[in-house]
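# An overview of the molecular structure
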Amino acid sequence: MKTIVIGHRNPDMDSIVSAIGYAEFKRASGVGNVFPARCGNTNERIDFALGKFGVEVPQFVADVYPRIEDVMERNVVCIHNESPIYQAMTRFGEDRFRGLPVVNDNRSCIGLLSAFKLGKYLFPPLENLSSSRIVEASIAHIRDAIRGILVTGTEDTSIFPRTLVVAAMLTESFKKRLEQLDIPSTVLIVGDRWNIHELSIKAGVPAIIVTNNFHPPAHILDLARKHGTTMITSSNDTATTVLLARAAVTAGQMLSPDFISLNAETTLRQARMDLAMASQFAFPVLGPQGRLQGIISKSDLLKPVPRQLILVDHNELQQAVAGAEEVPILEILDHHRIATPPTQQPILFINRPVGSTSTIVADTFRQARIPIPKHIAGLLMCGLISDTLNLTSPTTTQVDREIMAELSKACGIKPRDLASEIFSVGSPLASLSMKEVVTADCKEYPDRGVIFSVSQIEEISFAQFELKQEKLIAELEKYREAHGYFFSSLLVTDVNTQNSILLVRGSESFTRLIDFPEAGPHAWRLDGIVSRKKQLLPYLTSQLARMA
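Here's what I pulled together on the structure shown here. (Residues numbered from 1 in each chain as written. Predicted model: local features only at pLDDT ≥ 70, side-chain atom pairs only at ≥ 80, totals over all residues. Heavy atoms only, no water.)

Contact geometry for helix 13 (residues 357-368) and helix 14 (residues 374-388): axes closest at 8 Å, N-to-C directions at 145°. Residues Ser 358, Thr 359, Val 361, Ala 362 and Phe 365 of helix 13 form the contact with helix 14, whose participating residues are Ile 376, Leu 380, Gly 383 and Leu 384. In terms of residue class, the contact of helix 13 with helix 14 is made up of six nonpolar, three polar and no charged. (Axes fitted to C-alpha atoms, helices over the stretch in contact; angles between N-to-C directions. Helix = DSSP H or I, 4+ residues; strand = E, 2+ residues; numbered from the N terminus. Contact = heavy atoms within 4.5 Å. Nonpolar A, V, L, I, M, F, W, Y, C, P; charged D, E, K, R; others polar.)

Here you go:
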């Protein structure tokens, strides 16, 4: 089972580093197969922090929807289209499926072989018993099916209807029987009745199978060679040899060419809908050129998915990686408002009113008395500095200050120096497109029957903002329309002055309630406001309440 520790969509510094830090904590606590991940792009500041402390960017996970590849059987028991169905019958017992994929030389699936269809062929209804003597196969396939040994002649590899004839009668009776046979299609199955052999060879029977491991005497072999008769010995008795010879037809002859196949990337939800009414017994999973990658049955669609999630820096499904609602959520570590998804069982949920999730992660190390590795301490400092604007945000608590001091000591870096480096790297307004500015750290919130978005960026001054204000407003409106939000907002924060400017595009019934000083069309000045979580979001929801 794989455990993925992951932050919210459009991740910020705290979301990325807390995922890395908590995955490290779980591994240090003895939990195996735990990995940090992200469901959005990093930015220059995050890349700077990861590079500074020698940590790779977490793996990108676009979604965690359960897929066919999560539950399919990869070690597929299959059969080549040129193999006799006897091999198929022996392989049905090797797996739990009631059918086998049939493949060609390129391992491309060309059909399915049904155990029911084979059973009906080998044991036909009473009214069709006479047809059971006819086998559409080559002599080579018959010899292979009975596991016989060629003792004289050649194996005919052409496939056409052959009549299995058992010489279980007196010689005189057999002479009359020979007159009734279609000699060129006859395959005689007989024991050590050498007089029958001699009559058959002289009559032109092309192939004789000698049962019970009897070996023909020299004069019979000489006669067979003279007439070009193929002779094969079988170690089985006559009844068994006949049964095995019936199974000499190839899988390619018996397959069902029309079948439903699946793609490994198909979600289980989609597969359940697509296969609900299908009567097929098994479903091959095919890759490029139709190559067989796996197989699945309907019962496999109910299997538990081999991955689970730990959410950090968020607890709302609207902000979580796509598909989070369809996989088990084991734990949640967050410092935002509570809007948790329902879970099937009790989970560990840590939600603390502190300045960053990095604080919570660092405190788990402290409480467990596990030393924080130097590089992890440095990363968690970056998350704490970013989310609290180096402990100046109103969200900062005494716990944040204590943790900051401990992290600083662990990595040997002063918070002031690290903060200076972080905020001097990569001005979002200077390095990102307007679309990226709006979406880089954007969160979606449902409230009072509407859905809105709040984005935030931090700058070291408003100089770049003043140059791009109009373009930002236009991009914000475009983003709002594309997602159908009631309103979309962007908080641009000056980390030096601890002031912000708020841009909002949306319903006028809402924007006219904003009572901060205006800073231009669709813009308001929010002096002393720097926290989206503790200051801006409560204000926005209170204005929505006024509307209601």
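A word on the environment of Glu 155. Inspection of the secondary structure puts Glu 155 in the loop between strand 8 (149-152) and strand 9 (160-166). Linking Glu 155 and Thr 229, residues 74 residues apart in sequence, is a C-alpha distance of 9.9 Å. Setting aside residues no more than four positions away along its own chain, Glu 155 makes contact with Ile 139, Ala 140, Arg 143 and Leu 150. In terms of polar contacts, Glu 155 uses its side chain to reach the side chain of Arg 143, at 2.5 Å. (Polar contact = N/O pair within 3.5 Å; in protein donor to acceptor, adjacent residues only side chain to side chain.)

Time to look at the sheet that holds strand 20 (residues 487-494). Judged by pairing direction, the sheet is mixed, and its six strands sit side by side in the order 18-19-20-21-23-22 without closing on themselves. Looking at which strands have only one partner, the edges of the open sheet turn out to be strand 18 (442-447) and strand 22 (518-520). Neighbour to neighbour, the strand axes of the sheet diverge by 30° on average, direction disregarded. (Pairing = 2+ DSSP bridges.)

Burial within strand 14 (residues 292-296) is extensive, with four of its five residues counted as buried. Both strand 13 (residues 283-286) and strand 14 contribute to a ladder of four bridges, which runs antiparallel. Bridging from a neighbouring strand, Phe 283 pairs with Ile 296 of strand 14. Where strand 13 hands over to strand 14, the hairpin turn is made up of five residues, of which Gln 289 adopts a positive phi near 55°. (Buried < 20%, exposed > 50% of the residue type's maximum accessible area, 1.4 Å probe, protein only.)

Further remarks concern the packing of helix 1 (residues 13-28) against helix 13. To describe two helices that pack against each other, one gives the angle between their axes and the distance between the axes. As a packed pair, helix 1 and helix 13 sit with axes 8 Å apart at the nearest point and diverge in direction by 15°. Here helix 13 runs roughly parallel to helix 1, going by the angle between their axes. Helix 1 and helix 13 meet at a crossing whose hand is left-handed. Contacts between helix 1 and helix 13 involve Asp 14, Val 17, Ser 18, Gly 21, Tyr 22, Glu 24 and Phe 25 from the former and Thr 357, Ser 358, Val 361, Thr 364, Phe 365 and Ala 368 from the latter. Residues of the contact of helix 1 with helix 13, tallied by class, amount to six nonpolar, five polar and two charged. (Parallel < 35°, antiparallel > 145°, perpendicular 65-115°, else oblique. Left-handed = near helix turned anticlockwise from the far one by under 90°.)

With respect to burial, strand 1 (residues 2-6) is a largely interior element, four of its five residues being buried. With five bridges joining them, strand 1 and strand 15 (residues 307-312) adopt parallel strand pairing. Within the sheet, the bridge partner assigned to Thr 3 lies in strand 15 and is Gln 308. Relative to strand 2 (residues 34-38), strand 1 is paired through four bridges, and the arrangement is parallel. Paired with Thr 3 across the strands is Val 34, a residue of strand 2.

Quick look at helix 9 (residues 218-227) now. For helix 9, the complete set of buried residues consists of Ile 220, Leu 221, Leu 223 and Ala 224. An end-on view of helix 9 places all buried positions within 160° of arc, on one side of the element. Facing away from the buried side of helix 9 by more than 90 degrees, the exposed set consists of Ala 218 and Lys 226. Buried-residue contacts for helix 9 involve strand 8, helix 8 (194-203) and strand 12 (230-233). Following helix 9 by one or two positions, Gly 228 adopts a phi angle in the positive range, close to 70°. (Arc of directions from axis to C-beta.)

Tallied over the entire structure, the rule returns 10 aromatic pairs. Geometrically, the ring pair formed by Phe 487 and Phe 510 is stacked, given 4.2 Å between the ring centres and 5° between the ring planes. Taken as a pair, Phe 487 in strand 20 and Phe 510 in helix 20 (residues 508-511) lie far apart in primary sequence, 23 residues in all. Judged by relative accessible area, Phe 487 falls into the buried class, the value being 0%. A relative accessible area of 0% means that Phe 510 is categorised as buried. (Phe/Tyr/Trp six-rings, centres within 6.5 Å; stacked < 30°, edge-to-face > 60°.)

What follows concerns the pattern of salt bridges. This model, assessed by the stated rule, comprises 25 salt bridges. Glu 155 serves as the salt-bridge partner of Arg 143, at 2.5 Å between the closest nitrogen and oxygen. Separated by 12 residues along the polypeptide, Arg 143 in helix 6 (residues 139-146) and Glu 155 in the loop between strand 8 and strand 9 bring together distant segments of the chain. When its relative accessible area of 23% is taken as the criterion, Arg 143 is described as partly exposed. Ionic pairing is found between Lys 478 and Glu 475, a salt bridge with its closest N-O pair at 3.9 Å. Separated by three residues within a single helix, Lys 478 and Glu 475 lie in helix 19 (residues 463-483), roughly one turn from each other. By relative accessible area, Glu 475 is classed as buried at 14%. (Salt bridge = Lys/Arg side-chain N within 4 Å of Asp/Glu carboxyl O.)

Within the secondary structure layout, Thr 229 lies in the loop between helix 9 and strand 12. Given the relative accessible area of 2%, Thr 229 is considered buried. Sequence separation of Thr 229 and Ala 405 is 176 residues, and the distance between their C-alpha atoms is 95 Å. Dropping the residues within four chain positions of it, Thr 229 is found in contact with Thr 152, Gly 153, Ile 201, Val 205, Pro 206, Ala 207, Ile 208 and Ala 224.

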